[in-house]
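Results of the structural survey
The primary structure of each chain is shown beneath.
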Amino acid sequence: MFRTIARRVALTALATALACTHPTPSCPTVPPAAVAVAPAPAAAASGYDLPPANVREVLDAPPLPRPSLSPTGDTILLVAWVDYPPIAQVAEPYLRLAGVRVEPRTRRKHDTAGGYGVAPCAASFTLVDVATRRETALALPAGGCADAVTWAADGTRFAFRNTTHDAVELWLGDVARGETRRLGTARLNPMLGSSLQWLADQRTLLVKLVPADAGPPPAPSVVAIGPSIQETDGAEGASSTYELRDTLTSKHDEALFEYYATSQLALIDAASGAATPIGAPAVIASVAAAPDGDHLLVSTIRRPYSYVTTYERFARDVEVWDRRGAVVARVAQLPAAERVPIHGVPTGPREHEWRPTEPATLVWAEALDGGDWSVQAPARDRVMLQRAPFAAPPVELVRLAQRLEALHWSERGPSLLVEYDENRHWERTFVFDVDAPGATPSLLWDLSSDERYRAPGAPLYRALPSGAWVMRAAGDAIFLSGAGSAPEGARPFLDRLDLKTRASTRLFRSARDGYEYVLDLAAADGGALLTWRQSPTEPPNVMVRTLGAAIAGAPAGEAAVASSAQPVTRIADPTPAVRAIKKQLVRYQRGDGVDLAFTLYTPPGYQPGTRVPAILYAYPLDYASAATAGQTSGSDQLFTRLRDYQLLLLSGYAIIDAAFPIVGDPATAYDTYLTQLVANAQAAVDKAVDLGVVDRERIGVTGHSHGALMTVNLLAHSDLFRAGAATSGSYNKTLTPFGFQSERRTVWQGREVYLQASPFFFVDQLTEPLLIVHGKEDANPGTTPLQASKLYEAIRGNGGTARLVMLPHEPHWYAAKESNQQLAYEELRWFDRYVKDAAPRPAAPPAPGPGPGGAAARTPSPPGRR
C-alpha cells in the first residue's frame, strides 16, 4: 500500500488517545500510593531487582481496553492487550531471517513491525452492543495468545489468530452467539504478514498456511561448509542504515528463510472450517484479494536472496491469480532493490493495490526520478492503472511533481490524491476524478507536512459489502477527522467538506475539559457520531454523540452544530488514586525565538511554591520550518498512566515532558544539531525554574532511542543536569554511516556532522553520572547493543561515572514485566543518588560568556579535545 502521511493526519488523534490507553512515555499517570522510598542497591550480580511496592502496583494494574468498531458500526469489540508479558514469553527462541524474527515452533513473528517491540497478546475480548449497551465477555483460547482481529464487512463475526505451543490457529468470534471457536485445523503462517483476510462473500477466508508436507527444518552443519561471501561490483548507491536489520549471512540462513517463509495459500469456509488449497507452496511475501473475490494479487519472492537488505526488497514476481492458483497476469518481475537511495524508493512498479470500487483493477506507482530525492526531475512519480482481464497494457492516470503518498478512493465521484515532497516536508492534496477522460487534478490543500494547526484532517472510511474500504460520503461531501492541534492543546474535530463547493462545516470539536475524537459516524448522514472520550479524571470510553441544531455565530474553529453525548461503555479506572497527579501545558520560547512547549507533571501531594527535583524527558523531532516546529501537539486532558521514567513521580520528582525541535533545511539541519539541542534544554529548564516548581540544582535528564543520544549529548555539552539515564540509544553515529533520523548524507559526505552528533567522541567531557540501559536483543540497526557497551567502556576508560544494564531478551522497547521492574528500580536508584540527594555543586569559576544555548552551554569541542 502507498505510505499514507495524509491518513496519518486523521489518525493523529486516534494514535494519541490509544497511546494513553496503552502506556507510552508521552502519557503518564499517577500511582495509587504515597511517595516511594529508593530501593537499596542490588546485592547480587544476577537476577531481577524489584522497585517499591507502590511502583509494582502501577505496573500490575489491569490494561485499559481499546475499541475495535465493527464495519457496520453496531458492535464494538473492546480488546485489552497485555501490557507487560512475562519474561518467559519474551525469551521465546527465534531466528533472525532477512529482517524477520520468527519463532520456529509456530512461525509467529516474535517482534512488532520494525523490530521495536514484542508482538502483543490480548488479555480480554468484550463485545458491546451499541444500541442496547449490553456487554458480553468472550472466552479467549486457554493458554494461547490471541491477536490480529479482522472483522467481516457485515459485522456479524470476526476472525483472529491464536498462538499455541506449536501452531498459529485460526479462530472465529460470533457476535450473535457471543462466543469464540477454532475454525478447522489450519496452521497459519504469519511470518511475512497477510496471513488472513475475508473474501468478498464474507463467508470465506483467504489464509497463508504452513505447507502440509513441510518436513523438518534444514539442519545446521556440524562444521562450516564454506565461507560467507559477498561482492560489490563498483556501482554506487547507498541504502539506508535501517535496511540492514537481521539480514541473511549464509547458505544455511537462506535455507531456513525459505523453509519458514514458504506458505500454502488456501480458502477456509467460515462455517465448516474446510480448507481448499490455492496453487503450489511458495515464498509469498503478500497476497490481497480483489473486490470481486475471484482475483488474487500475489507477490512471490524468488532467488537469489540478498545478504544486504531485508526480505521487503528481495527479488519478486507480482502476479494476478485466480481462485484455483492459475496465473491470470504477470504484472511485474522486480529485481532485488539493494541500492535504494536514502529516504528514496525502488525503481520500477511499486506498492500495487486493488482499486476498491471496481471488480479487479490494479493501481500502482512508478518512480520517474530513479527514486532519488536528490535528483531534479519535472515529475517524480506516475500512477498507473490496469483492469481485468489484464490483456490491454496499463494506462497512465497522472504524473506527479512529487512522490505519491496516498490515494483516498470514493465510491462515486472524485477521489483524493496526495503527493509528498521530502525535500521541503511539504504535502499537496488534489481532488481527482479518475474516470473523467482528460481530467486533471484540482488542488485542494497545499501545506507543510509538519503543519498541525491548519491540518485539515483526513477522510473517514467505510467498508463496502465486498470488504473494500472507501471514503465515507454524503452526497458530494466527505467527512474529515483531525487532531485539532492548537496552542492550548489538541482538541480533535470532525468536518463535513463538500468537494464541489469546497464549503466546510465543523460538526464537532472536543470540549476543552476532555479529549474526545471520532471513531466513526453512528448515522450515515453524519447526524450522530461514535467517539472515544477521556479526561484527566475519566478513563477512555465510547460515547454516542447526537448532533442537533446549527449554532448561530459559532466562533471560528468551534463546532457549528450543537451535540449531546451518552456513554456506550463504562470502562473503570484501573488506578483511581492516580488522579492525585497534576499536570499543565506550558508554552515558552527558545533563545532564538522558536516557540516551545512542555507538559509539567507534579508528584502526588505537591504543595505549590515548593521546589522539587525534576527529570526532563524529550525526543528530538526534525522540522523544516521554525513556524511549524513551535506548534503545540498533544493535550493535557488525556487520561494517563505511568511507564518507565514517569514512575519517578512516585518518588517526589516533577517530570518535564518537553518538545525538542531540530529546525532547518532537511538537507543540512543536523549541521546545528548540538546548538539547538542545548538551546532547547536551556529554555525548558529556565521556564520550569521560573514557574517556581523545579530546583535548578536537582535536575536529571532522560530519553529513549534518539532521546538517549540527546541525553548523553546534553551531559557532555552543557552543565544543566546532575545526571542522566539513556535507554536504547545510538552514541556513535559513524556506526550508522548511511543516514540517521532525517539526515540523508552519508558519513563520508558529512563527516563532521556525524562526529559532532556522536557523544562517544566527547566522553572525556562527560563529568556527570550516566545510567545506560539497553535491550540485549535490540533489532534496530541504529541502536545495536554494541552502542551501549562501547559507550560504557569509553566512560570507564576515561574515569567517568556510569552504570550499564543490559536487559536479557529485550528488543528496542522493553516488554517483559521483569525488565520494566528492573528499569524502574535502576532509574529510581540512580536519580535518587545523583540528583535528589546530590551534594551541592562546587562554585564554578566565572564564565567568559554565554555559549550557543545560554550560560550553561559548553562549546562543542573537536573529538578528543577539550
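Residues numbered from 1 in each chain as written. Predicted model: local features only at pLDDT ≥ 70, side-chain atom pairs only at ≥ 80, totals over all residues. Heavy atoms only, no water.

Our focus in this paragraph is the overall build of the protein. A count of helices and strands for the protein gives ten helices and 47 strands. Its C-alpha radius of gyration of 27 Å places the protein within 12% of the 29 Å reference for a compact globule of 866 residues. Each principal axis of the C-alpha distribution contributes one length, and for the protein these read about 80 × 80 × 60 Å. Per-residue burial for the protein yields a buried fraction of 58% across its 866 residues. Taking all contacts inside the protein whose residues are at least 6 apart in sequence as the whole, residues at least 24 apart take part in 62%. A total of about 33,600 Å² of accessible surface is found on the protein, and carbon and sulfur atoms cover 53% of it. Between the averaged position of the 83 positive side-chain charges in the protein and that of its 90 negative side-chain charges there is a distance of 2 Å. (Helix = DSSP H or I, 4+ residues; strand = E, 2+ residues; numbered from the N terminus. Rg over C-alpha atoms; globule rule 2.2 N^0.38 Å. Buried < 20%, exposed > 50% of the residue type's maximum accessible area, 1.4 Å probe, protein only. Contact = heavy atoms within 4.5 Å. Areas by Shrake-Rupley, 256 points an atom, 1.4 Å probe, with all protein chains shown as cover. Lys, Arg positive; Asp, Glu negative; His and termini not counted. Charge placed at Lys NZ, Arg CZ, Asp CG, Glu CD.)

This brings us to the state of the cysteines. Counted under the stated rule, the structure contains one disulfide. Paired through a disulfide, Cys-121 and Cys-145 show a sulfur-sulfur distance of 1.9 Å. Disulfide Cys-121-Cys-145: the torsion about the S-S bond is -100°, which places it as left-handed. Of this pair, Cys-121 sits in the loop between β5 (108-109) and β6 (122-129) while Cys-145 sits in strand β8 (residues 145-151), and the two are 24 residues apart along the sequence. Its relative accessible area of 8% is what places Cys-145 among the buried residues. (Disulfide = S-S within 2.5 Å.)

Here we come to the confidence of the model for the protein. Averaged over every residue, the pLDDT of the protein is 90; the share at 70 or more is 91%. Counting contacts from residues 3-45, a segment whose pLDDT is below 50, to residues more than four positions away or on other chains yields 140 contacts. For residues 849-855, every residue scores under 50 in pLDDT, and the model assigns this stretch ten contacts once sequence neighbours within four places are set aside. (pLDDT = per-residue confidence, 0-100.)

Turning our eyes to something else, we now look at unusual backbone geometry. Note that the residue after Arg-303, namely Pro-304, is joined by a cis bond; omega there is 0°. Structurally, Pro-304 can be placed in the loop between β16 (295-301) and β17 (316-322). Of note, Gln-202 is a non-glycine position whose phi angle comes to about 60°, a positive value. Take Gln-202: it is sitting in the loop between β12 (196-198) and β13 (204-209). For Gln-202, a relative accessible area of 5% puts it in the buried group. Backbone geometry places Arg-502, a non-glycine residue, at a positive phi of 65°. Position of Arg-502 among the secondary structure elements: in the loop between β32 (493-498) and β33 (504-509).

Moving on, we get to the packing of helix α6 (residues 673-690) against helix α7 (residues 706-717). Interaxial distance between α6 and α7 falls to 10 Å at its minimum, and their mutual angle equals 85°. By the angle between their directions, the pair α6 and α7 is classed as roughly perpendicular. Residue-level contacts link Tyr-673, Leu-674, Leu-677, Val-678 and Ala-681 of α6 to His-706, Leu-709, Met-710, Asn-713, Leu-714 and His-717 of α7. The class makeup of the residues in the contact of α6 with α7 is eight nonpolar, three polar and no charged. (Axes fitted to C-alpha atoms, helices over the stretch in contact; angles between N-to-C directions. Parallel < 35°, antiparallel > 145°, perpendicular 65-115°, else oblique. Nonpolar A, V, L, I, M, F, W, Y, C, P; charged D, E, K, R; others polar.)

Here the focus is the side chain of Arg-157. Relative to the helices and strands, Arg-157 is located in strand β9 (residues 157-163). For the buried Arg-157, no salt bridge exists, and the shortest N-O distance to an oppositely charged side chain is 5.3 Å, to Asp-154. Within the local environment of Arg-157, its side chain forms a polar contact with the backbone oxygen of Gln-202, the two atoms lying 3.3 Å apart. Residue contacts for Arg-157: discarding those within four places in its chain leaves Trp-151, Ala-152, Leu-172, Gly-173, Asp-174, Val-175, Trp-198, Gln-202, Arg-203 and Ala-270. (Salt bridge = Lys/Arg side-chain N within 4 Å of Asp/Glu carboxyl O. Polar contact = N/O pair within 3.5 Å; in protein donor to acceptor, adjacent residues only side chain to side chain.)

Before going further, it helps to spend a moment on the pattern of salt bridges. Throughout the structure, instances matching the rule amount to 56 salt bridges. In this structure, Asp-246 and Arg-96 form a salt bridge, with 3.7 Å as the shortest nitrogen-oxygen distance. You can see Asp-246 sitting in the loop between β13 and α4 (251-261) and its partner Arg-96 sitting in strand β3 (residues 95-97), a full 150 residues away along the chain. Judged by relative accessible area, Asp-246 falls into the buried class, the value being 13%. Owing to a relative accessible area of 39%, Arg-96 belongs among the partly exposed residues under this scheme. The residue Glu-558 makes a salt bridge to Arg-491 at a minimum N-O spacing of 2.8 Å. One end of the pair, Glu-558, is in the loop between β36 (538-550) and β37 (561-567); the other, Arg-491, is in the loop between β31 (477-482) and β32, and 67 residues separate them in sequence. Through salt bridges that share partners, Arg-96, Arg-101, Asp-111, Arg-245, Asp-246 and Glu-777 make up one connected network.

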